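Coordinate inspection notes
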Amino acid sequence: MTDDLNWAIGGEAGDGIDSTGKIFAQALSRAGRHVFTSKDFASRIRGGYTAYKIRTAVDPVQSVVDRLDILIALTQRTVDENMDELHEGSVIVYDGERTTMQDLEIPEGMIGLDVPLKRLAEEAGGAIMRNVVALGAACEVAGFPVEYLDEALEKRFGEKGEAIVSNNREAARLGQEHVAEEYGEVGDYSLECTDEDYVLLNGDEAIGMGAIAAGCRFYAGYPITPATDVMEYLTGRIEEYGGAVIQAEDELSAINLTLGAARAGARAMTATSGPGIDLMAETFGLVATTETPMVICDVMRSGPSTGMPTKQEQGDLNMLLYGGHGEIPRFVVAPTTVSECFWKTVEAFNLAEKYQTPVYLVSDLSLAVTEQTFPPEEFDMDAVEVDRGNLVDAEAIEEWQNEKGQFTPHAATEDGISPRTLPGTPGGAHMTTGLEHDELGRRTEDTDVRVEQVDKRQRKVETAREREDWSYREFGDPDSDALVLSWGSNEGAMREAMAFLEEEDISVRFLSVPYLFPRTDLSDAVEDAEDVIVVECNATGQFADLVEHDTLTRVKRVNKYDGVRFKADELAREIKEALAEGTEVTA
Amino acid sequence: MSSDVRFTDFKSDKQPTWCPGCGDFGTMNGMMKALANTGNHPDDTFVVAGIGCSGKIGTYMHSYALHGVHGRALPVGIGVKAANPDLEVMVAGGDGDGYSIGAGHFVHAVRRNMDMTYVVMDNRIYGLTKGQFSPTSREDFETATSPDGTNQQPVNPLALAMAAGGTFIAQSFSSDAQRHTQIVQEAIEHDGFGFVNVYSPCVTFNDVDTYDYFRDSLVDVGEDEDYDPTDPDQAEEVILDGEKEYQGVIYRDPDSRDYGERMGLTENMADIPDGAPENAMDLVREFY
């Protein structure tokens, strides 16, 4: 895979690493190349190592690998942090005129390109553009036409005026020319460009866009890594569609604001990460028992407690399935790719309204911070359907009134789905409460009514189980004896791991499971397999426990909880090892 | 909204289980009258109730209503109003709900100044859990959980509201039916967050802050010709006066602009198309 290039820029937080990386990713995307990015970052505004990594190829890319070909290192630590991924022939671009970089030792077998980033940037109009000089240098090394940077620079700096844009373009060219003149041909990269036109977005943005597409008009949230991008995406956009974002004083408020908007009839959402889900747990039960449609997005990060806020983990599954006192009907849906973040958000809103049940939309840090390219048709807005469920208007309201003319918001229907009427609808006034209630929504402790209401809420889940499609996404060899199961963002890494495994003649059947509750019956697949391996980013194997529970079969576990997502080549090794031996494997 | 709405239209057919003589009866009657007097209709009204004796109000009134979790009634009310500004939103709760577990939301709701009404039934005791001190209980108030007094300052709700930038700060007494109704009515009509702390005595567990106590000690700022509720200095003096109890509209900001207006919230967010919005592909193109 010579055309498969792994590129990174690293330095200190505050060095503009993120925006520089994004500019290069956009340039690659403009050139019709696929891009998959990842970030190493710390939870601080300035200081600390941070890096933006890009994997690019002409074919779709969906994972990071343990390999780095070109590295722009603004600090010594950037080199140190990436020693495992750097290899013979890797190119390291650095500014030897920087006092802290004068003594940089280029590891043996690698190529160091000393480029006076700051000096050339000043020549172009200002030291602030030194990262862009580095981008130009990287273009030359990669054999990538520097012109593709122009559009990305326009997008990034256009608002600041034409002069800034053209200065940046000049800075890029100075970097490129410097490498060409001083070093001639470095390595043998020549990135192919195509006529394809891709869009580049991350999982949080895909969730935000999915929400607007689905008719979500109200969002309330409290800033928390890595969910904040959902709120920032919606702010300034949802208003264009008649909606609003409210930044709440805390997560307790966020979910209750969302609940209010949902009771008023808006499609409403809040997004947070694990600590916020903890705080929302009490109201979650209220949402479910009052049968209020709502989407609650958990962009998981490493826990427990404050954990590692900028690191990957899939440790919230048990809480999402079981969290909250009492027995709470719910749906738990976990998109497995960035584009699925869009589609599962749309689906979550439909599930919420059709079954008047809260939906946990579960993403994770890896999806949230990964910028990935897609053909725009991947987000075909004409394919978005909005199903509002059993909404009752003024004409139909009589059907759902009791003999005293009172509306019955919790009518115990056969399929469990009650009528729903929105405030302002004549004849529909009713209350509802977190206390156990009767069909009218009024408090009761009557034993028969209690059982009737519990049953009817459960019945909705059963109805959904029958009516909806809860299938998994299947890849690989359907006849293989080796079955790999995973959920959430591991899909991309696993699909690429399968290519590595195939090179060694190992074929597997891979099922990527987006529905955690209700979930697909995996019994047949598990029974048909000799080896069952469950891959997930947590220590205890929460999904593996579910599979064992559902299928009464022991599974092998591949777990990772060091805060870093699976890389395709690493995962391939883990799978191979798991197939060869043992019942418990830990990365 | 029809003009022939009577206050009894806001009454449900459920009989209250409040103790005979509870202040909440009067508080609720005043709320229903104020809603009717201001031309509201149960089908266009949303009541959010907190937890506690006061929280039962959602059951005894007739309107669209939600009885939520303890302390979080205000955010629910703000969410309702944001999503559908045509609704009249009234939030009701007790002193525990509003000033203890929900104190954080109270401060932020005041700051936001959403056009809604917040009625707090303040009885200075936890009644439903059978007699523990509340955030407004006096320092020397003896209860099951404060045998030697609470050993802490009571909260001054009006001062809290003033400090948070409140635009309508009022106090009333549940048994002064006419004044109470009038004050809640003004809160409803206020363009912003209308906050009314209502002295609503608990006849079972509080033998200090009784009907007789309030009747004897209440001073009505409305009866003072020189009192100007739009003057923050006068309001501050009344609010910080620890010697007396006051009722009336203590402070009103005539320039109040509500949050909905400032946020540009005018549409009913419930109205959406059956598919993606017409120009939704623009969102995708942004990512080129």
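Use the structure listed above.
Structure report, in brief.

Calculation notes
- Sequence positions are assigned chain by chain, starting from 1 and proceeding in written order.
- Starting at A for chains and at 1 for ligands, labels are handed out in the order in which the entities are written.
- The predicted nature of this model means local features are confined to residues of pLDDT at least 70 and side-chain atom pairs, given and counted, to a pLDDT of 80 or more, with totals for whole chains, interfaces and linings taken over all residues.
- The side-chain figures draw on all heavy atoms in the structure; neither hydrogens nor water molecules are used.
- By definition, any uninterrupted DSSP run of H or I lasting at least four residues is a helix, any uninterrupted run of E lasting at least two residues is a strand, and each is numbered from the N terminus.
- C-alpha atoms define the radius of gyration in this analysis, and the globule rule sets the expected value at 2.2 Å times the number of residues to the power 0.38.
- Working definition: with a 1.4 Å probe on protein chains only, accessible area under 20% of the residue-type maximum means buried, over 50% means exposed, and in between means partly exposed.
- Contacts are residue-level and defined by heavy atoms, with any inter-residue pair within 4.5 Å sufficient.
- With residues, only the protein chains shown are counted as cover, and all accessible areas are computed by Shrake-Rupley using a 1.4 Å probe.
- Charged residues are defined here as Lys and Arg on the positive side and Asp and Glu on the negative side; His and the ends of the chain fall outside this count.
- By convention, the point assigned to a charge is CZ for Arg, NZ for Lys, CD for Glu and CG for Asp.
- Each pair of strands is called paired provided DSSP finds at least two bridges between the two strands.
- Note on geometry: axes are C-alpha line fits, over the in-contact stretch for helices, and angles between N-to-C directions span 0 to 180 degrees.
- By buried area we mean the combined loss of accessible area, with a 1.4 Å probe, across both parts when two parts are placed together.
- A side-chain nitrogen of Lys or Arg and a carboxyl oxygen of Asp or Glu constitute a salt bridge if their distance falls within 4 Å.
- N or O atoms closer than or at 3.5 Å make up a polar contact, with two conditions inside protein: a donor-capable atom paired with an acceptor-capable one, and, for residues adjacent in sequence, both atoms drawn from side chains.
- Asp, Glu, Lys and Arg are counted as charged, while Ala, Val, Leu, Ile, Met, Phe, Trp, Tyr, Cys and Pro are counted as nonpolar; the rest, among them Gly, fall into the polar class.
- For a crossover, the right-handed case is the one in which the path from the first strand over the helix to the second runs clockwise, viewed with the strands pointing away from the viewer.

Let us now look at the overall build of chain A. Summing up its helical and strand segments, chain A has 18 helices and 22 strands in all. Rg of the C-alpha trace for chain A: 26 Å, near the compact-globule value of 25 Å for 587 residues, within the 12% margin. When burial is assessed residue by residue, chain A has 63% of its 587 residues classed as buried. Across chain A, the fraction of contacts at a sequence separation of at least 24, relative to all contacts at a separation of at least 6, is 73%. For chain A, the exposed area adds up to about 21700 Å²; of that, 44% sits on carbon and sulfur atoms. Mean positive and mean negative side-chain charge positions of chain A (52 and 112 charges, respectively) differ by 5 Å.

All names here are of chain A. A cis amide bond, omega -5°, links Gly303 with the succeeding residue Pro304. Relative to the elements of secondary structure, Pro304 occurs in the loop between strand S11 (294–300) and helix H11 (317–322). Between Phe517 and Pro518 the backbone carries a cis peptide bond, its omega angle lying at -15°. With respect to the element layout, Pro518 can be found in the loop between strand S19 (515–517) and helix H16 (523–528). Backbone geometry at Glu291 places phi at a positive 55°, although glycine is not the residue there.

An order of S15(A)-S2(B)-S1(B)-S3(B)-S4(B)-S6(B)-S5(B)-S8(B)-S7(B) is seen for the nine strands of this open sheet, with the pairing classed as mixed. Both edges of this open sheet fall to strand S15 (431–433) of chain A together with strand S7 (218–220) of chain B, since each of them pairs with a single strand only. Neighbour to neighbour, the strand axes of the sheet diverge by 20° on average, direction disregarded. As judged from the five bridges shared by strand S5 (residues 168–173) of chain B and strand S6 (residues 193–199) of chain B, these two strands associate in the parallel manner. Looking at the pairing, Ala170(B) lines up with Val196(B) of S6(B).

Moving on, we come to the interface of chain B and chain A. Listed by partner, the interface residues are 53 residues for chain B and 69 residues for chain A. For the pair chain B and chain A, the summed buried surface comes to about 4900 Å²; carbon and sulfur atoms form 64% of the total. The largest contributions to the chain B side of the interface with chain A come from Tyr64(B), Phe287(B) and Tyr288(B), which together make up 17% of the buried area. On inspection of chain B and its partner chain A, the count reaches four salt bridges. Asp13(B) is paired through a salt bridge with Arg442(A); the nearest N and O atoms lie 2.7 Å apart. Across the chain B-chain A interface, the total number found is 25 residue pairs in polar contact (both at pLDDT 80 or more). Of all elements in the fold, only helix H2 (57–60), strand S2 (64–67), helix H3 (73–83), helix H5 (103–112), helix H10 (259–263) and helix H11 (281–285) of chain B reach the threshold of two or more residues within the side of chain B that touches chain A. Here the side of chain B that touches chain A gets seven residues from one element, more than from any other, and that element is H3(B). In terms of residue class, the side of chain B that touches chain A is built from 28 nonpolar, 15 polar and 10 charged.

A word on the pairing of S6(B). A regular strand carries its side chains on alternate faces of the sheet. All names here are of chain B. Of all seven residues in S6, seven are buried; the element is thus mostly enclosed. Burial along S6 is two-sided: the residues Phe193, Phe195, Asn197 and Tyr199 and Gly194, Val196 and Val198 are all buried. Of the pairings in the sheet, the one linking strand S4 (residues 116–122) to S6 comprises seven bridges and is parallel in character. Bridging across to S6, Met116 finds its partner in Phe193. For the segment spanning S5, helix H7 (residues 177–189) and S6, crossover handedness is right-handed.

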